[in-house]
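The primary structure of each chain is shown beneath.
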Amino acid sequence: VQLQASGGGLVQAGGSLRLSCAASGSIFSINDMGWYRQAPGKQRDWVATATRAGAANYADSVKGRFTISRDNAKNTVYLQMANLKPEDTAVYYCNAVVDVGVLRDYWGRGTLVTVSS
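Values in this document were obtained by computation on a predicted structure and should not be read as measured data.

Conventions we followed
- Residues numbered from 1 in each chain as written.
- Predicted model: local features only at pLDDT ≥ 70, side-chain atom pairs only at ≥ 80, totals over all residues.
- Heavy atoms only, no water.
- Helix = DSSP H or I, 4+ residues; strand = E, 2+ residues; numbered from the N terminus.
- Rg over C-alpha atoms; globule rule 2.2 N^0.38 Å.
- Buried < 20%, exposed > 50% of the residue type's maximum accessible area, 1.4 Å probe, protein only.
- Contact = heavy atoms within 4.5 Å.
- Areas by Shrake-Rupley, 256 points an atom, 1.4 Å probe, with all protein chains shown as cover.
- Lys, Arg positive; Asp, Glu negative; His and termini not counted.
- Charge placed at Lys NZ, Arg CZ, Asp CG, Glu CD.
- Polar contact = N/O pair within 3.5 Å; in protein donor to acceptor, adjacent residues only side chain to side chain.

*Asks:* Lay out the overall build of the chain in plain terms, naming residues and giving numbers.
*Replies:* Of regular secondary structure, the chain possesses zero helices and eleven strands. Reading the chain from its N end, one meets helices and strands in the order β-β-β-β-β-β-β-β-β-β-β. Here the C-alpha atoms of the chain give a radius of gyration of 14 Å, agreeing with the 13 Å that 2.2 N^0.38 yields for 117 residues. Taking the principal axes of its C-alpha atoms as reference, the chain extends roughly 45 × 25 × 20 Å. Counting over 117 residues, the chain shows a buried share of 40%. Of the contacts formed within the chain by residues at least 6 apart in sequence, a portion of 52% connects residues at least 24 apart. Accessible surface for the chain amounts to roughly 6,200 Å². Of this, 47% is attributable to carbon and sulfur atoms. Distance between charge centres in the chain, computed from 12 positive and 8 negative side chains, equals 4 Å.

What follows is the structure, encoded as structure tokens:
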């Protein structure tokens, strides 16, 4: 199973970006899909999670600005980011709990988001 993230880039404060992450491989089904981020010199932090049924949860730091969604038919999760702030600058990683016969945790390689002030 591979997770391929895309959509990162450079944006000015107040701008928007949309990240995508597609899972591929021998997948029976995917449970939770989510996003984490790691700023330079800091630990990786949870950002948002979407359940298979579509319920969403967010870290307080992004609530009201970020929206997570998923397309189960495409095994893809999205993160729409709006009103971006310089403190949102980080490498964003997607995560999926995948049923491959047993439940396993998979990570994408990460996509860099840089927000300039």
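*Asks:* Which residues make up the environment of Thr 89, and what values do they have?
*Replies:* Residue position: Thr 89 is located in the loop between β8 (76-81) and β9 (90-99). Residues Thr 89 and Thr 76, 13 residues apart in the sequence, show an inter-C-alpha distance of 23 Å. Leave out the neighbours within four places in its chain, and Thr 89 touches Ala 39, Pro 40, Val 113, Thr 114 and Val 115. A polar side-chain atom of Thr 89 sits 2.9 Å from the main-chain carbonyl oxygen of Pro 86. At 2.9 Å, the side chain of Thr 89 forms a polar contact with the backbone nitrogen of Val 115.

Function cannot be read off these values alone, since they describe shape.
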